[in-house]
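The primary structure of each chain is shown beneath.
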Amino acid sequence: MTTTSPITAPDRRVTTSPPRSEPPRHRRFKPGAGRQHHAGPFAYFALAVVGLGSLFPLYWTLVAASRTQEEVLATTPPLIPGGNLFSNLEAAWEQASLGKAILNTFIVSSSITLATLFFCTLAGYAFAKMRFKGRGALMTMVIATLTIPPQLSVVPLFMMMADIGWGGQLESVIFPTLVSAFGVFFMRQYLIEALPYELIEAGRVDGANNIRIVWSIVLPVARPAMMVLGMLTFVQAWNDFFWPYLALNAENPTLQVALGELSASYVPDQSIVMAGALISTLPLLVVFVIFGKQIVGGIMSGAVKG
């Protein structure tokens, strides 16, 4: 008896080959990018050293303003505040007429800051997003003005202010600095990256004119940069000494001019001078405390990309 082997049906299972490995794509970020890195002891130590070094001049001003002339000029100067702070502040306030000086400085700094923000934002927007003949040449001329020392323009500017009749007046300090080349360049560079053309075109499609586009689109986008530029301009105008010292007089001074007159005596009292310097620093600290969060946010918005 012959036995035959059963006929087995062919295996119809479909076998799939393993997928081919694709070549590695170029990664935009390195592995670990975006992770939160924890600071070590050395980082905290470095930050503490930098922070203390930055605060020490202000602390020494407070110490010197609360001591007497002999204690400040001693061989071993004191490092702890004394008990003469309020008397020295009162003496500096009366001797230098700091009340009027602070008011004049606030008027000058606020006017310069507001005008700089307005004109520099408009000019930066024009150079960044508007097309017109000679745009590159004009921008080059604006940047070239940064290389000219301001001392070269002192004599003709002083003669011009005298011819207008603004000698000794606050207008002679305000109007020559209503716009800055640095502000125009700063706002242009920011708006090139932060303001897309699509937003401007969308505004034009909706029927908005240039004024409406600037008010509703450009200014909200430029607000972080305007906060930074405003703070830098205000601090510079508040601390400016050279041109106000030449343009103004002792009857109508700014704060730095008044402090210069306070220390111009033959043997100035350093404790009273430091008290005046402390008074001039306090308004800047108040401004930074009020607007510090917005200023830091404006600086970081230009550093972080989405």
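Everything quoted here is computed from the prediction, not taken from an experiment. (Residues numbered from 1 in each chain as written. Predicted model: local features only at pLDDT ≥ 70, side-chain atom pairs only at ≥ 80, totals over all residues. Heavy atoms only, no water.)

**Q** Would you take a moment to explain a nonpolar patch on the surface for this structure?
**A** On the surface, F158, F241, F242, Y245 and L246 cluster together into a nonpolar patch covering about 470 Å² of accessible area. The greatest single-element share of the nonpolar patch, amounting to three residues, is contributed by helix 11 (residues 242–247). Among the secondary structure elements, F241 is positioned in the loop between helix 10 (210–239) and helix 11. (Patch = residues over 30% accessible without salt bridge, like charges linked within 9 Å, V, L, I, M, F, W, Y side chains within 5 Å. Areas by Shrake-Rupley, 256 points an atom, 1.4 Å probe, with all protein chains shown as cover. Salt bridge = Lys/Arg side-chain N within 4 Å of Asp/Glu carboxyl O. Helix = DSSP H or I, 4+ residues; strand = E, 2+ residues; numbered from the N terminus.)

**Q** It is not clear to me how the side chain of T61 should be interpreted in this structure. Could you clarify?
**A** Residue placement: T61 occurs in helix 1 (residues 41–65). Residue T61 is classed as buried on the basis of its relative accessible area of 14%. Excluding residues that lie within four positions of it along the chain, T61 makes contacts with M274, A277 and L278. (Buried < 20%, exposed > 50% of the residue type's maximum accessible area, 1.4 Å probe, protein only. Contact = heavy atoms within 4.5 Å.)

**Q** Looking at this structure, I do not really get the nonpolar core. What am I missing?
**A** Taken as a class, soluble globular proteins show a tendency for nonpolar side chains to be buried jointly. Ranked by internal contacts, the top residues of the largest apolar core, which has 22 residues, are Y125, M187, L191, L195 and V218. Counting residues per element, the ones that place at least two in this core are helix 4 (98–129), helix 5 (135–144), helix 8 (181–194) and helix 10. Among the elements that make up this core, the one with the highest residue count is helix 10 (eight residues). Of all hydrophobic cores here, the second largest spans 20 residues; its members include A65, A92, L259 and I272. (Core = buried A, V, L, I, M, F, W, Y, C linked by side-chain atoms within 4.5 Å.)

**Q** Explain the environment of Y125 here, please?
**A** Among the secondary structure elements, Y125 is positioned in helix 4. A sequence separation of 59 residues divides Y125 from V184, and the C-alpha atoms of the two residues are 8.8 Å apart. Leaving out residues up to four positions away in the same chain, Y125 has contacts with M130, L191, L195, I200, R204, I213, V214 and V218.

**Q** Just to check I follow, could you spell out the pattern of salt bridges for this structure?
**A** Between side chains of opposite charge, a pair can form as their charged atoms come close. Within this structure, the stated rule accounts for two salt bridges. The shortest N-O distance in the salt bridge between E71 and R67 comes to 3.7 Å. For E71, a relative accessible area of 31% translates into the label partly exposed. With its nearest N and O atoms 3.6 Å apart, the salt bridge here joins E201 to R204. Of this pair, E201 and R204 both sit in helix 9 (residues 197–205), three residues apart, which is roughly one turn of the helix.

**Q** So what exactly am I meant to see when it comes to the environment of P196 here?
**A** Its location among the elements puts P196 in the loop between helix 8 and helix 9. Residue class for P196 comes out partly exposed when judged on its relative accessible area of 33%.

**Q** I keep staring at helix 6 (residues 154–164) and nothing clicks. Help me out?
**A** The α-helix advances 3.6 residues per turn, and as a result positions three or four apart in sequence lie on the same side. When helix 6 is considered as a whole, its buried residues turn out to be V154, L157 and M161. Relative to the axis of helix 6, the buried residues are bounded by an arc of 70 degrees and lie together on one face. What points out from helix 6, more than 90 degrees from its buried face, is the exposed set V155 and D163. (Arc of directions from axis to C-beta.)

**Q** Looking at this model, I keep getting lost on the side chain of S66. Mind explaining?
**A** Inspection of the secondary structure assignment puts S66 in the loop between helix 1 and helix 2 (69–72). A polar side-chain atom of S66 sits 2.8 Å from the main-chain amide nitrogen of G82. Excluding residues within four positions of it along the chain, S66 makes contact with P81, G82, G83, N84, L85 and N88. (Polar contact = N/O pair within 3.5 Å; in protein donor to acceptor, adjacent residues only side chain to side chain.)

**Q** Even after reading the chapter, I still don't get the packing of aromatic side chains, so can you show me in this structure?
**A** Two aromatic rings, taken as a pair, are described by how far apart their centres are and by the angle between their planes. Scanning all chains against the criterion turns up six aromatic pairs. Pairing F118 with F119 gives two aromatic rings, centres 5.2 Å apart and planes at 75 degrees, and the pair type is edge-to-face. Taking relative accessible area as the criterion, F119 reaches 40% and is therefore assigned partly exposed. Between F127 and F132, the aromatic rings sit 6.1 Å apart at their centres with planes inclined by 50 degrees, giving tilted as the arrangement. Exposure remark for F127: the relative accessible area of 11% places this residue in the buried category. Relative accessible area serves as the criterion here: at 33%, F132 is assigned to the partly exposed category. Just above the ring of Y197 sits the side chain of K129; from NZ or CZ to the centre is 4.2 Å. (Phe/Tyr/Trp six-rings, centres within 6.5 Å; stacked < 30°, edge-to-face > 60°. Lys NZ or Arg CZ within 6 Å of the ring centre and 35° of its normal.)

In short, geometric facts, not functional conclusions.
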